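Descriptive structure summary
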Amino acid sequence: MEVEDKIKIKKKEENIRKKRLLSIKFNYIKKERIMRKQKYFKYLFIVLMMILAISFSGIIQAASGAGDSERVIRKLMVLSRPQATSPDEYETALLIVDGMRELGLDVDVKVITWEQMADVVWYDRDSWDMTGWQMTARPERLDPDELVYNLFHSSTAEKGYNFVGYINPKYDEIVEKQRITLDKKERRALIFQLQGILANEAVCDFVVNPMVNIVYNSKVFKPESIKEMAGMGIKNFWTYIYAEPVGNQKSIILNSNDTVQSINPLYVSGSVDSWITELVWDRLMRVGQDGLPKPWAAKSVEWVSDKQAKIVLREGMKWHDGKPVTVEDVKFSFEAPLSGEVPMYKPFISNIESIEIVNDITLLFNLKKAFAAFEIATLAKVNIIPKHIWESILEDLKDSPDNAESIQEEIPIGSGPYKFSSWKFSEEVVLEKNTEHFSAPKMEKWIVRFIPNMEAALGMIQNGEINFLATYLGDSQLLQQKVEENPDLTMVSSIDLGFRYFAFNHRRPPFDDIAFRRAIVAITDRDIIVTAIWKGFAVSSDSVISPALEFWKNDNLNFPSGGVEEAKQILKGAGYEWDKKGRLMYPEGKKEKLN
Amino acid sequence: MTLLYPNSDFWWIWGYLLNQKYNYFALRIGQMLLTLFIIVTILFLIFRLMPGNPMAAYIDPTFTQEQQQILMQQFGLDKPLWQQYLIYINNLLKGKLGDSFFFRAPVIEIILKVLPNTIYLMLGSLILAYIAGILGGVFLAWKRGTSTETIGIVFTLFTRAAPQFWVGMILLAVFSFKLGWFPSAGASPAGVVYSSELEKLTSFVFLRYLFLPMLTLAIYLMGLPLLLMRTNMLDVMGEAYVDMARMRGLSEKRVMLKYVARNAALPVVTAMAVGIGYAMGGNVVIETVFSWPGLGRILVKAVSTCDYSLAQGAFILIATVMVFMNFVADILYSLLDPRVKIGG
């Protein structure tokens, strides 16, 4: 009995529990339903409010002119590197933005580091409006081709250097034509035309060509032996081999704020690396002080036809390990990139159809098509490397995921005027003169010290720890003052081949419109930028070609410079209007469309 | 006899303690490995989530898309992130740190090239700082309540608070540019090559190059041991045995150095062990001011060029040493100070 009772009681209890659970569930469902209803009301309320708001703003719009707010230009963003690392760029950006605001634009400067900027501008091409940018001087840029072609040809717009996205079939046609025009005067006319188009269409807001200020110790070097090169200043190959010592100091000791990445003739890496490769390896031609290519390791370069060059090699040249330099080596050097293990040099040799060896000192280069810049872009660019060293290296690389760029020779062997001597990582690289070279340097050693602290470098040129201030990123005025205080120091200022500019993103309105771009160019006050920001150590720029290249620079360019008044005229002429609040609006019918 | 041959109870207790000690070691080692794993994972993510792109270093008018593809493949950046992570962990377990994107050379090779310089600089300044700090601490504790102490403390706080780059530039301006006693950049004169590290370390010229950066760092590091030493001294000076020593009529000098300082130095020793760990990290600021060819500058370069493998490799190395030295400090403490119990 007792047991049965217990079971009954238990069952009862269970039933009660179940009922409770059910009622709880039911209650819950009820509550949820109520909540849902409440939510519907909420949504309904929000929708109603939105309808109200839209109709209300519609009324306001109707009052201030139909569709005006749609025509107002959106907020724009100008990218600049930080003031701390690039004060000139940042200050220029502020100046331009001030001008843009005067035109009735809502615009701000956005400061980002160079790494981020490169990432955005380069790999996210649809996402930015305007950005500060700079092109630096390099010997191969002494031929206008690289700048006029790669920066603005439509083929490089998607992934290459035409990051502004400029597309103009007419420009493409002319820029392609100048490539195959071998007559210099004719080619110059084409280059002039291209500069004309770039200025008329205000493709970029060119700002300045800075001055390259380089200081040397005239107690160490004979001033007449220091050579100035067009667009490059006195820091160049010719100074390094012609510089003559005055006293006992027989080493050129120069500074760099950056370290060397690698010393490799098959790898285009940092700029300091290129100073070294230039001296250790010879090239068939060298860019001369005047900016024009001249035979170097080649005794002569003779054009048999548009597409065939006959090259006679200089006799008696030797590698630093004592073996002779042969035509085989030359052929090998120009064919090495074909192996696929030297990707960076591939573009420079892609135009070569074949290389024939005629005899011990003569080669014939056959081109696929005529190329005006071939001498500078290829013959003066490709390093001549010893076949007896690199052939087996390239062979071994075929089975490895690495390529020639990751090879670092223990002692790099070239045939150039300086021999590799030592490399103390992060500290210095020492080269010593190659006495057997046909143009042996007058100095015994060439030493580059890596000094990230600019103030220290400035102190070192004063106390003699370095004797050639090759890199100076600080205040030019201060530098000049220090030089004036010290009778041993001489400063040479030259117009840089490189230039500073603000790039417009042609993919995004309003920068797709010539009139708008011309207006921005007009408000950029280059005189103030030169005097106030650069303190006179720059010249105003209106073209990709530096005034240092007198032969190629077009001096009659129609680049607007009339300030806010002219800008407003340009905009009015193109149909732009201002709303009641003074905000700039697109011409009637134009709508912003962002990808 | 009983002292030499203790009874079985003693052995049992000793064994238990020993066992506990091993457990403690095992636990600490486990914690260490877990910490390192977390560090390694965070490092992997942090550099990849950082804005920027290693390709930025190659932007050039002649840099084509094809070349970019080749580079991405070479760097292994064409793979999805989780695959990169697995490869990275796998390589780490095999002890491989990978190749630097920027220098195109094995990370370990690059680190080893600059590590000796960093160690000379850091150890040199650490030793200098701890000698000066301990002596200074003793001195200030001794001069308790005098104006010398006030001035000393203010000065110490000042050296601790002064920015290193500022101190460095002042020293450069005075001793290098004005007086010309010391060179201003690098670790050796232009063009000088040493045949071995030992020759370099023992050469007077190298020491001249080392001096200014070492001094700058020592000035900064000195504050910690000095203040620590002083506080400990003051604590210990209140102990009964010190009074006892004084009552015995021992000279003040003897009381201070033999009875107080020796006991007060204990925490300073462990602080130094941790300090050595930090020393591995090099010093970004001082190495840049004095153009010292060390790990700190390489780190800056690696981070600014998004050289993931170099930055990871260097940070992992630093983190490992730091975590390990912390472990050593803990162990040292438990060994040196019987009051610190294991486990508990």
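Scanning chain B from N- to C-terminus turns up 15 helices and zero strands. Relative to its 344 residues, chain B shows a buried fraction of 34%. Pairs at least 24 residues apart make up 76% of the contacts formed inside chain B by residues separated by at least 6 positions.

What follows covers the overall build of chain A. In terms of regular secondary structure, chain A is built from 18 helices and 20 strands. Dimensions of chain A, computed from C-alpha atoms along their principal axes, come out at roughly 115 × 85 × 55 Å. Residues counted as buried form 45% of the 595 residues belonging to chain A. Contacts in chain A between residues at least 24 apart in sequence constitute 68% of all its contacts with a sequence separation of at least 6.

Bringing the domain arrangement of chain B into the picture now. Residues and elements named next belong to chain B. According to the domain assignment, chain B contains domain 1 (8–93) and domain 2 (108–336). If you look at the interface, domain 1 gives 15 residues, while domain 2 gives 13 residues. A class-by-class count of the residues in the side of domain 1 that touches domain 2 yields 10 nonpolar, three polar and two charged.

So, about the packing of helix 16 (residues 514–523) of chain A against helix 18 (residues 563–573) of chain A. Residue and element names in this part refer to chain A. Where helix 16 contacts helix 18, the axes come no closer than 8 Å and their chain directions differ by 175 degrees. Put simply, helix 16 runs roughly antiparallel to helix 18. Contact with helix 16, carried on its side by Ala515, Arg518, Ala519, Ala522 and Ile523, involves Gly563, Val564, Glu566, Ala567, Ile570, Leu571 and Gly573 of helix 18 and no other residues of that element. Split into classes, the residues belonging to the contact of helix 16 with helix 18 amount to eight nonpolar, two polar and two charged.

Our next topic: unusual backbone geometry. All names here are of chain A. Cis geometry marks the peptide bond from Pro509 to Pro510, where omega comes out at 5 degrees. Within the secondary structure, Pro510 sits in the loop between strand 17 (499–504) and helix 16. Despite not being glycine, Ala202 shows a phi value in the positive range, around 45 degrees. Inspection of the secondary structure puts Ala202 in the loop between helix 7 (184–200) and strand 4 (204–217). Residue classification places Ala202 among the buried residues on the basis of 25 C-beta atoms within 10 Å. For Lys535, which is not glycine, the phi torsion reads 50 degrees and is therefore positive. Mapped onto the secondary structure, Lys535 falls in the loop between helix 17 (526–533) and strand 18 (538–540).

This part takes up the nonpolar core. By size, the foremost hydrophobic cluster in this structure holds 204 residues, and its most contacted members are A:Ile252, A:Ile276, A:Leu284, A:Leu431, A:Leu469 and A:Ala519. Counting residues in each nonpolar core, the second largest holds 22 residues, with B:Phe103, B:Cys306, B:Leu310 and B:Ala319 among its members.

Here we come to the pairing of strand 11 (residues 362–367) of chain A. All names here are of chain A. Sheet topology note: the strand 9 (residues 308–313)/strand 11 ladder contains five bridges and is antiparallel. When the bridges of strand 11 are listed, Gln308 appears paired with Asn366. The pairing of strand 10 (residues 352–359) with strand 11 spans six bridges and is classified as antiparallel. Each bridged residue has a counterpart across the sheet, and for Ser354 the counterpart in strand 11 is Asn366. From the end of strand 10 to the start of strand 11, which pair antiparallel, there are two residues.

The rules behind these values
- Residues numbered from 1 in each chain as written.
- Chains lettered and ligands numbered in written order.
- Predicted model: local features only at pLDDT ≥ 70, side-chain atom pairs only at ≥ 80, totals over all residues.
- Helix = DSSP H or I, 4+ residues; strand = E, 2+ residues; numbered from the N terminus.
- Buried ≥ 20, exposed ≤ 12 C-beta atoms within 10 Å, placed from the backbone.
- Contact = placed C-beta atoms within 7 Å.
- Domains from an automatic or database assignment.
- Nonpolar A, V, L, I, M, F, W, Y, C, P; charged D, E, K, R; others polar.
- Axes fitted to C-alpha atoms, helices over the stretch in contact; angles between N-to-C directions.
- Parallel < 35°, antiparallel > 145°, perpendicular 65-115°, else oblique.
- Core = buried A, V, L, I, M, F, W, Y, C linked by C-beta atoms within 7 Å.
- Pairing = 2+ DSSP bridges.

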